[in-house]
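# Structural features, examined
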Amino acid sequence: MIQNVFWFLTFLAIISACMVVFSRNPIHSVLYLIITFFALSGHYLLLNAQFLAVVNIIVYAGAIMVLFLFVIMFLNLRRETEVQKPIAVKFAAVISGLILLAVLLGALLKADIQPGSEVDSQIGLVENLGKVLFSDFLLPFELASVLFLVAMVGAIMLGKRDPGEPTI
Amino acid sequence: MEVPDVIKTIPLNWYIFFATFLFCIGVVGVLIRRNALIVLMCVELMLNAVNLLFTSFSAYRSDPQGQIFVFFIMVVAAAEVSVGLAIIVMLYRNLKSVDVGILNKLKW
């Protein structure tokens, strides 16, 4: 049963990830990417990491993908006007991706990866993660807020229109 | 302490291979597409492959630090996307295109 769920989510994620890369319409790419994120959230639920599953849906599928959709519709990229790379370049890119896959898989097959001896299924819950986050990782957590502030100011600076600049 | 079913039935290697596949799909996407938005989405795909790897190791080894790292990766990804999309909007305003092939002024 659990294996069927695992394989279903895995194939859903891989197929929709391929569709992100190969679909012509950017909006379809965004929608397939959302499907990928939901499949990954399902994987997080299987791994008993409920907090990450919820955050993945809220942050990725919710906020980031809405931002992408907003920009696509803002720039009116519905039309399929993308200039395609030459077929030789695409072929070389796919070949090099497959070579990267082969190298990584070869290295990982040789690796001696052992799961931990005792398993505590409760680490992914909000309570335990919160304790770790606010004790061991308090400084990075506060720095993340500074990072957000910088990103916010940077996005506004970049997006602001200078006087005299033409409108879209 | 109850062990989740997936840890008993699915070996950790399968998660590692799955994350590797997703990462390579993201790399191929960055290489073959010229639309800057799709390139950014493929970067997100790669980040998510790494997130899945962190989470699976964290769950199999019962170490919460991996999941904290995933949390920070999501934070950085959100900041990166907001700045990246602002840059793309600015490019579109100046060049009327989001084609990364035009941006070759710094090419050697």
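Remember, predicted model here, so these are calculated numbers, not experimental data.

Moving on, we get to the overall build of chain A. Each helix and strand in chain A was counted, giving 6 helices and 0 strands. N-terminal to C-terminal, the α/β element order of chain A is α-α-α-α-α-α. A compact globule built from 168 residues would reach a C-alpha radius of gyration of about 15 Å, whereas chain A, at 21 Å, exceeds it by more than 25%. In terms of overall dimensions, chain A has a C-alpha envelope of 65 × 45 × 30 Å along the principal axes. Considering only contacts within chain A whose residues lie at least 6 apart along the sequence, 55% involve residues at least 24 apart. For chain A, the exposed area adds up to about 9,800 Å²; of that, 74% sits on carbon and sulfur atoms.

Tracing the sequence through the fold places M41 of chain B in helix 3 (residues 36–61). A relative accessible area of 0% means that M41 of chain B is categorised as buried. As a C-alpha pair, M41 of chain B and V30 of chain B span 11 residues in sequence and 8.7 Å in three-dimensional space. Those residues in contact with M41 of chain B that sit more than four places away from it in its chain are P26, S29, V30, L33, F68 and I72 of chain A.

Attention now moves to the pattern of salt bridges. Enumeration according to the criterion identifies 2 salt bridges over all chains in this entry. Salt-bridge contacts for K131 of chain A lead to E127 of chain A; the nearest nitrogen and oxygen are separated by 3.4 Å. Note that K131 of chain A and E127 of chain A are positioned in helix 5 (residues 126–135) at a spacing of 4 residues, about one turn of the helix. One salt bridge connects D99 of chain B with R34 of chain B, and the closest N-O pair in it is separated by 2.9 Å. Placement of the pair is D99 of chain B in the segment after helix 4 (65–95) and R34 of chain B in the loop between helix 2 (12–32) and helix 3, with a sequence separation of 65 residues. The residues D99 of chain B and R34 of chain B share a single accessibility class, namely buried.

Checked against the element boundaries, T55 of chain B lands in helix 3. Overall, the relative accessible area of 0% leaves T55 of chain B in the buried class.

Considering soluble globular proteins, one finds that nonpolar side chains tend to be buried as a cluster. Counting residues in hydrophobic clusters, the biggest one holds 75 residues, and the most contacted among them are V30, M65 and F68 of chain A together with Y15, L37, L85 and I88 of chain B. Contributing elements (two or more residues each) for this core: helix 1 (2–22), helix 2 (26–46), helix 3 (50–75) and helix 5 of chain A together with helix 2, helix 3 and helix 4 of chain B. Mapping this core onto the domain boundaries places at least three of its residues in each of domain 1 (1–79) and domain 2 (126–161) of chain A. Apart from the residues within four sequence positions on either side, L85 of chain B is in contact with L67, F68 and V71 of chain A together with L37 and L40 of chain B.

Moving on, we get to the domain arrangement of chain A. Here chain A is described as being made up of domain 1 (1–79) and domain 2 (126–161). A separation of 23 Å is found between the C-alpha centroids of domain 1 of chain A and domain 2 of chain A.

Quick notes on the rules
Residues numbered from 1 in each chain as written. Chains lettered and ligands numbered in written order. Predicted model: local features only at pLDDT ≥ 70, side-chain atom pairs only at ≥ 80, totals over all residues. Heavy atoms only, no water. Helix = DSSP H or I, 4+ residues; strand = E, 2+ residues; numbered from the N terminus. Rg over C-alpha atoms; globule rule 2.2 N^0.38 Å. Contact = heavy atoms within 4.5 Å. Areas by Shrake-Rupley, 256 points an atom, 1.4 Å probe, with all protein chains shown as cover. Buried < 20%, exposed > 50% of the residue type's maximum accessible area, 1.4 Å probe, protein only. Salt bridge = Lys/Arg side-chain N within 4 Å of Asp/Glu carboxyl O. Core = buried A, V, L, I, M, F, W, Y, C linked by side-chain atoms within 4.5 Å. Domains from an automatic or database assignment.

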